[in-house]
Amino acid sequence: GGGGGGGGGGPTRDKLMPASFWSIVQLAVSAIISVVLLALLWRRRDAGTVLLDLGPSIPGPAIIRYMNVILIAWFLLTTIIFRTRIPIDLADIAQLIFYAALLAVSVLLSSSRTQIREHGVLISGDFLRWKKIKAFRWQRDDPDVITFEIDTALRFLAWRRMPILFERRDEIIAVLAQHVV
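(A) Main features of the pairing of strand β4 (residues 126–129). The pairing of strand β3 (residues 120–123) with β4 spans four bridges and is classified as antiparallel. Looking at β4, one finds that Val121 is bridged to Leu128. The turn joining β3 and β4, which pair antiparallel and follow one another in sequence, is formed by two residues; a positive phi near 50° is taken by Ser124.

(B) View of the pattern of salt bridges. Tallied over the full model, the rule gives five salt bridges. The partner of Arg160 in a salt bridge is Asp126, and the shortest N-O contact between them spans 2.3 Å. Taken together, the residues span a long stretch of sequence, with Arg160 in strand β7 (residues 159–163) and Asp126 in strand β4 at a distance of 34 residues. Arg160 gets classed as partly exposed once you look at its relative accessible area, which sits at 23%. The shortest N-O distance in the salt bridge between Glu171 and Arg168 comes to 2.9 Å. The exposure class of Glu171 is partly exposed, given its relative accessible area of 38%.

(C) Region of interest: helix α5 (residues 169–179). Looking only at α5, the buried set comprises Ile172, Val175 and Leu176. Looking straight down α5, one finds its buried side chains confined to an arc of 95°; they lie on one side. The exposed residues of α5 that point more than 90 degrees off its buried face are Asp170, Ala177 and Gln178. In the core, the buried residues of α5 are packed alongside β1 (50–56), β2 (113–117), β3, β5 (133–138) and β6 (145–150).

(D) The arrangement of helix α4 (residues 90–110) in detail. Between its first and last C-alpha atoms α4 spans 30 Å; for 21 residues at 1.5 Å apiece the expected length is 30 Å, and the two agree. Along α4, the residues that are buried comprise Ala91, Asp92, Ala94, Phe98, Tyr99, Ala101, Leu103, Val105, Ser106, Leu108 and Ser110.

(E) The sheet that holds β6, seen in detail. As summarised here, the arrangement of the three strands in space is β5-β6-β7, forming an open sheet in which the pairing is antiparallel. Among the strands making up the open sheet, the edge pair consists of β5 and β7. Averaged over all neighbouring strand pairs, the angle between strand axes comes to 25°, with direction disregarded. As defined by bridge partners, β6 adjoins β7 across five bridges and the pair is classed as antiparallel. Within the sheet, the bridge partner assigned to Phe148 lies in β7 and is Arg160. Contacting β5 and β6, α5 runs over the sheet at an angle of about 165° to β5.

(F) Spotlight on the sheet that holds β4. Strand order across the open sheet formed by four strands is β1-β2-β3-β4, with antiparallel pairing between neighbours. Whereas interior strands pair on both sides, the edge strands pair on one side only; in this sheet they are β1 and β4. With strand direction ignored, the average angle separating the axes of adjacent strands in the sheet is 10°. Bridge count for β2 against β3 is three bridges, and the pairing is antiparallel. Bridged to Arg117 within β3 is Gly120. Contacts from α5 reach β1, β2 and β3 within the one sheet, and its direction differs from that of β1 by about 135°.

(G) Inspection of a nonpolar patch on the surface at higher detail. A surface patch of nonpolar side chains, about 310 Å² in accessible area, is lined by Leu27, Leu90, Ile93 and Ile97. Looking at which element gives the most residues to the nonpolar patch, the answer is α4, with three residues.

About the thresholds
Residues numbered from 1 in each chain as written. Predicted model: local features only at pLDDT ≥ 70, side-chain atom pairs only at ≥ 80, totals over all residues. Heavy atoms only, no water. Pairing = 2+ DSSP bridges. Helix = DSSP H or I, 4+ residues; strand = E, 2+ residues; numbered from the N terminus. Salt bridge = Lys/Arg side-chain N within 4 Å of Asp/Glu carboxyl O. Buried < 20%, exposed > 50% of the residue type's maximum accessible area, 1.4 Å probe, protein only. Arc of directions from axis to C-beta. Contact = heavy atoms within 4.5 Å. Expected span 1.5 Å × (residues − 1). Axes fitted to C-alpha atoms, helices over the stretch in contact; angles between N-to-C directions. Patch = residues over 30% accessible without salt bridge, like charges linked within 9 Å, V, L, I, M, F, W, Y side chains within 5 Å. Areas by Shrake-Rupley, 256 points an atom, 1.4 Å probe, with all protein chains shown as cover.

By themselves, these figures tell us nothing about what the structure is for.
Structure representation (structure tokens):
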């Protein structure tokens, strides 16, 4: 016989700790993703009205831009459909919240557009205020890219590239010349 502990029945403390740890990590990452999502939405609102819409921030066919959204939606659906544990525990809820937050940010970034707006330039969800843009120039080696010099204390963040259509160059220069001193 041996009726002592450790032989079989219920879960041990060792088995529960990793799930609890990963649940906390997923919830923390979900909170960070949610803050990023809110910041991106706030930046769009803060940017003012659209002066020029220069198209999707991610070039290429829509299916390519939305591939990450499709993949994350698949993970979310399989997590819900193939859930075998009843009742659902904190790890399950944390995983669902994580995938839902990741899906929301992916949809927002995949659908983001490059725009020149009333109060600055929006590039892939990043908002550059007019007062922060010191200068702009066209890339010599790539006529479909404008480079902005940004006023920042962090030197590695001082340059931002914005892909555009060369055919709209005159229109873009006219608007930028009004706002960048």
